[in-house]
Structures are given as C-alpha cells and as structure tokens.
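Read off the chains here:
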Amino acid sequence: MPLSNLNLQQKQASLAPSGYNLVIASAGTGKTSTIVARIAYLLQQGISSKEILLLTFTNKAAQEMLTRLLMKFDDSIVKQIEAGTFHAVAYRYLKNHHSIVLKQPRELKVLFKSLYDKRVFANVSDITPYGANYLYDIFSLYQNSTIDSNFKEWIAKYNQDQLQYVEIYLDVWEEFRDLKKAYHYVDYNDLLLYYREMVKEQKLTYKEILVDEYQDTNPLQDSILKALNPPSIFCVGDYDQSIYAFNGADISIIASFKEHYTNGRIFSLTKNYRSTAPILNLANRVIEKNPRIYPKKLEVVKSENFGLPSLLVFEELFLQYQGIANKIKLSNRPFGEIAIIFRNNSSADGIEASLREIDIPTKRKGGISFFDTKEVVFVLNLLSLLYNPKDMMAFIHILSYVKGIGNALAKDIYEALVLLGNGNPIQGLLKPDKTIQEPFKKREQNIQLGLFDDFYMNKSLRFDGLHKDFEDNPLLKYSKINKEGAEFLNALFYFFSVLNIKDKPYYLLSKIYQLSIFQIVIQKLAKERAITKEGNIHPVKYQESLQRIERRILVLRDLSSHYEEIGRFLNAMVLGSSEMSEGEGVNLLSIHASKGLEFAEVYIIDLMEGRFPNKKLMTQGGSLEEERRLFYVAVTRAKENLYLSYAKRDKLKNIDYQGSLFLYEAGLLK
C-alpha cells in the first residue's frame, strides 16, 4: 500500500484533491490498490475513519481492502470505516434504528404470490398478464431503474401492452407493501429506499465517499449518493465492464459524471498487470466497436509469452464440451487455476456433466447456489420460525412442501394459528385457545379487484395417529386440511416441542436432521430428483439424492459452529450466502459471476451467433453493446492462456450455428 509501490497514474489518482474524482480503471490495472492508497491518504491527512464511507460491489471486496489497510493502520482505526455494499451499509444502519427483518426475494415472492393468486384477470384481450414471480421482478426493476416516474408511466414505456392490468398489479403491490410493513419485512430494495429517506432526515456527514465498480451503479443507488451529498467523492469504474443493465444499472451515470459534478476530475489507469499482450489486443479489437465514452488504451506490463489466444471449433455441441473436458484433463495446471466461462446456464450443464464424467471436479458459480437448494432453504426457514415465531414468510415456505396446501391457504393457516395463540402462532400449535372453534377469517368478495373467498368449515373432520396434545387442535377441523397436511402440522408441532431458541445453532442443525419434519421433506425432494422419464423412482438416484442432501446439511451445520446465537447465524446466512461457495475444482462461471476474478487459463464456450451475443435477451431490452461488454469482461479474466470455442451444430435441437460476431471482430474468423 505505500505510495512507492504505485505507478504514476495510481499515485496521481490516490492523491487527488478533495472534490469530485472519477478514476477509469480498466481491467487488471490495480484499482483495489488505488482505492486502498486513497483511504490511507485520507487517514494520513487527519480525516477520521468514521468520516469515510467505502461502497463496494461485494462485501468480500470491502473486506479485502480493509485487510490491506490493517498492514499500515491499527485495527481500532480500520474497523471504524463504514464499508460494504450499498445494501450491507444500509442494513447495518437501519438495524440500529429500526426493527426490521431482512427477507430474500425467493421468500417474499411466496408472500407476493399468495396475494396475486386471489386476483382474477378478465380476458379482455389476448395479452397474457405477467405471472406473480415475474411481476415481482418487474416491480424490483422499476424501483432500481427510475426515481422520477410512477409505475404506470414506467410500465407504459417498458411494455405498453401490460397497461390494461396495471390497476390490479398496483393493488397487489400495495397490499404486499402493507403486509411487509406490518411484519417489519424488508427486501434489498426496501433497504436502499428506507436508508435514503433516513439519510435525508438525519443528515449523515461523511468527509469522503469511495465507490467501487461505479459503472454498475443504478439510479436508486445514485440517488443515495446524491442524498448523502458528501464534499468529496472518489468513484472507480470502467464503462467497458458495465454488464448489469438487466438489474437496473445505468451506464449513463458514469458517462455523465462531468455533467453531474461540474468541477469533476477524470483519472485513467491504463497499465494492465494481469493479461498478456495477445489477450489484451484481442479484447481491445472487440471492445473498440463500442462507443468510447472516455478515451483510453490499455498498456501491457506482463512480458512473458504464453502464445496466442486459440479458437477451438467443434462439429457438434456436446463434442465441444467433451473436447474441452479432455483438453483440461491433459493440462498440467491445477484445476483451481482454470475457468470455463459461459453466457447461458444451459452451457454450464453440458460442460459440468462432461467434466464429471471423466472425474474432473468442478466448482460452479452463477447457477443454483448451495444456499438456494430447497433443503437448505427449508432448514433455514425452520430456524427462522424458531427464532421469530411471527415470521409469516418462513411459515408459508415450510407449508409449501405439503401436497394440497398452496401459498394462499398456508397464509390463512398461519393467521388462524396467530388467532388461536393470542398473537403467537407457535402457541397456536402447542397450546391453542380452544374457545375459538372457527379460527379462519371470512372475507368479503370484491369483484372489481378480482378477490374471491371460498372458506367453509367442517367440524366433523378428524385424523388418526396424531400427537395426543395436538389431535384436538381447532385448526384440524378446517375441511381443506387433508391427511398429509395434518401429519405435516403434527411434525411441526413436535419440532417446536423439542427445540428451543436458546439452543446453539450447531446443536439445532444436528437435531433437525433426526426429526420427522425434516425426514418428510428430504424424502419428498429425493424422490422428485430420482424420477425417471417413465415416472418411476430410480433407487440408486434416490439414495444418491439423500446423500447429497445430508452432505449439504452437514456443511450448513459446520458453518453454524462459529455462531453462539441463532439470530446472528441467520443474519449471516441471509447477507453472506450469495458470496459463499463450497467445493474445489475447475471453475464454472457465468460471465456475471466471473467479474472481478482472474485465472491462468480461461475457456469461453458456446461462441455461436444467437447464443453469444444472446439475440433473445437483446430483443428483451438488452443491446449488442452490452453483449460486447460481456465478451470483454470474459476475455480479460485470462492471465496467460485463452481459448474461445464454438460448435457448428446442436444435434438434439437440429440447429446449425455460425461463429459469433465477436470472433469475426477479434480477427479469429474471416
């Protein structure tokens, strides 16, 4: 971190006067060193660490920078620097001022769908309304993409055909928003929206705010920077690596820096320490086809010669995957230094299967993560409900595994338990108020907004084989609760009977695996994953699925060993899960997941016209410029060897392919 270790460009940027500074840091040019040196300079100038805010794209990046600072400054100074992603910084601040429960999108979508499912969309045209999950994502995109348009105006520009349903959409969203407030639930967008409002009220004062990956800032995040309005801002980014437009990122924010900040200064880091000259030359030939926002040209520092980038051409799609797998097997490199980068998740499935077939281990990022697997989500929801009995979302998720109980009914069962437990749903299971014989609420019909209600009670319904303290629960008299539902609720009753919030997370996770509530679910999941095309359950696959589920829960248990309290463990899992991974082997990465990483040997696969650039996504709001930036990011992950590959044909789909436009622009195809 000493200034003597910086090149002239890095030094000039890190010593910039207080004010509005933008550093254009191209791939591999040492932006992290420059940011760390800038923070060191601020501290040496007498600025208190409490007056510095560091905003990064991942919490891991923030931690790396703080770790470097510890080489020069005392821990008591460094730990007072507020650092992390926009969401992490907002979360910490809000937790200190409000009672909030952070929920991941996959959880809140269940609640949202339970409200959406009560609406009826009249068939006034042949335009199909958005489904519940997609509508949730649309609202999220809207919040990130604009700060000065209402939803109706925004959807008119985004997809005018959907305007006919906008009143129903807004009604669902308003009910959803009110429910979140009632239970203190917040999603990632809520964190930023609430934080922005509190910033305006509290008038937080930072002497300087540093923003990493500035090119991926969206309008909502930018509005927070404007609300904070610091006297000095230090932004670092590269417009050629702006690849998050699908999530609301707006490249015009970095492009218009001088317009927003009239006295702004622009610095450029052009010396690349990562890649060889042939790799950078190829990257430059392609990315120069995009408009140049700020003039720049990468300079090569590395002098070693590892040869030219190679084009691999295969006659058929799966021959491509098998060919690359065999090439890697013959490589002398450690698997951890090799990355296979893909544009589409379907590509990853094929290459992963081919590698595993010849016993090459893989580590996949960009597909379904460990924390998104159903068994891990289920266990975390059980713990969430134990920690916070009023966590309606966790309850709905847990009941979603019962055949015949949808999201809407699960929500009604939860509300019935709240009534039976005088506000506490767990008490509604364990010790219900038996003077309440009809705990399900009747609702009035509302034809205009498509609401409907068909609740009725059947007092004669009974079930055998239940726990003696649960068998006469008024909940079981409701006609829509079938035998499977009653048995599942009975298992949930036992779960709450034997486990306690005061137990350590490690003990809880060791115990959960032995309980019937978990066994019911894992056997259901294992059967689903072992079903053959003929509809039978393959016994070997069934056992393998059970073993994989057990291994994942053991991994989760080991993660919990560092935590004494269930609340801290759950918070860590929610905020950090997207950055955790397990396993070792060849790295399989989507381009978005590869950003910020580097590898000695890189394969970019499925470079066929239509697949990369992805023409389908381009017609859905993407652009050729964004696809070209994705290609640039993928290429610049390579330090020494780069292989680009494509297949001429997909035999299964009977499709012929041409090589990607980018291969022509790179000069690899004529």
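These figures come from a predicted structure and were not determined experimentally.

**Q** Describe helix H7 (residues 132-145), listing the residues and the values that go with them.
**A** The first and last C-alpha atoms of H7 sit 20 Å apart over 14 residues, in line with the 20 Å expected at 1.5 Å per residue. Taken as a whole, H7 has its buried residues at Ala132, Leu135, Tyr136, Ile138, Phe139, Leu141, Tyr142, Gln143 and Asn144. In this structure, the buried side of H7 is in contact with helix H6 (105-116), helix H8 (151-158), helix H9 (166-183), helix H10 (188-202) and helix H11 (219-228).

**Q** Report on the sheet that holds strand E2 (residues 52-55), specifying residues and quantitative values.
**A** Strand order in the open sheet formed by six strands is E3-E2-E6-E7-E1-E8, and the pairing between neighbours is parallel. Every interior strand has two partners, whereas the edge strands, strand E3 (82-84) and strand E8 (265-269), have only one. For this sheet, the mean angle separating the axes of adjacent strands, direction not counted, is 10 degrees. Across three bridges, the pairing between E2 and E3 is parallel. By the bridge assignment, leucine 55 is partnered in E3 with glycine 84. Relative to the sheet, helix H2 (residues 31-44) contacts strand E1 (20-25), E2, strand E6 (208-211), strand E7 (233-237) and E8, its axis offset from that of E6 by approximately 170 degrees.

**Q** For the pattern of salt bridges, give the residues involved together with the corresponding values.
**A** A side chain of one charge can pair with a side chain of the opposite charge if their charged atoms are brought near each other. Under the definition given, this model contains 44 salt bridges. Here glutamate 51 ties to lysine 207 by a salt bridge, and the two come within 3.5 Å at their closest N and O atoms. In this pair, glutamate 51 sits in the loop between H2 and E2 while lysine 207 sits in the loop between H10 and E6, placing the two residues 156 residues apart along the sequence. Glutamate 51 sits in the partly exposed class, given a relative accessible area of 23%. Lysine 207 sits in the partly exposed class, given a relative accessible area of 40%.

**Q** Please provide a residue-by-residue account of the environment of methionine 573, values included.
**A** Counting through the fold element by element, methionine 573 comes out in helix H25 (residues 566-576). With relative accessibility at 3%, the residue methionine 573 sits in the buried group. It is 22 Å that separates the C-alpha atoms of methionine 573 and leucine 66, two residues lying 507 residues apart in sequence.

**Q** So what's going on with unusual backbone geometry? Which residues, and what values?
**A** The peptide bond linking phenylalanine 612 to proline 613 adopts the cis configuration, its omega dihedral lying at 10 degrees. With respect to the helices and strands, proline 613 occurs in the loop between strand E15 (599-604) and helix H27 (615-619). Here the phi dihedral of asparagine 229 falls at roughly 45 degrees; this positive angle occurs in a residue that is not glycine. Summarising the element assignment, asparagine 229 is placed in the loop between H11 and E7. What makes asparagine 229 exposed here is its relative accessible area of 55%. Phi at aspartate 606 takes a positive value of approximately 55 degrees, unusual for a residue other than glycine. With respect to the secondary-structure elements, aspartate 606 resides in the loop between E15 and H27. Overall, aspartate 606 belongs to the buried group, its relative accessible area being 1%.

**Q** Which residues make up the domain arrangement of the protein chain, and what values go with them?
**A** Bring the parts together and some accessible area is lost; that lost area is often taken as the interface size. Looking at the protein chain, the domain boundaries give domain 1 (8-97 + 190-267), domain 2 (111-183), domain 3 (299-369 + 580-666) and domain 4 (374-448 + 458-568). Here domain 1 and domain 3 have C-alpha centroids that lie 32 Å from each other. Each partner contributes to the interface: domain 1 provides 16 residues, whereas domain 3 provides 11 residues. Surface buried jointly by domain 1 and domain 3 totals about 1,000 Å² across both partners, of which 55% is contributed by carbon and sulfur atoms. Considering only the side of domain 1, the residues that lose the most area to domain 3 are Asp240, Gln241 and Ile243, jointly responsible for 48% of the buried surface there. On inspection of domain 1 and its partner domain 3, the count reaches two salt bridges. Here lysine 595 makes a salt bridge to glutamate 213, at a shortest N to O gap of 2.7 Å. Residue composition of the side of domain 1 that touches domain 3, grouped by class: seven nonpolar, five polar and four charged.

What counts, and where the lines are drawn
- Residues numbered from 1 in each chain as written.
- Predicted model: local features only at pLDDT ≥ 70, side-chain atom pairs only at ≥ 80, totals over all residues.
- Heavy atoms only, no water.
- Helix = DSSP H or I, 4+ residues; strand = E, 2+ residues; numbered from the N terminus.
- Expected span 1.5 Å × (residues − 1).
- Buried < 20%, exposed > 50% of the residue type's maximum accessible area, 1.4 Å probe, protein only.
- Contact = heavy atoms within 4.5 Å.
- Pairing = 2+ DSSP bridges.
- Axes fitted to C-alpha atoms, helices over the stretch in contact; angles between N-to-C directions.
- Salt bridge = Lys/Arg side-chain N within 4 Å of Asp/Glu carboxyl O.
- Domains from an automatic or database assignment.
- Buried area = accessible area lost by both parts, 1.4 Å probe.
- Nonpolar A, V, L, I, M, F, W, Y, C, P; charged D, E, K, R; others polar.

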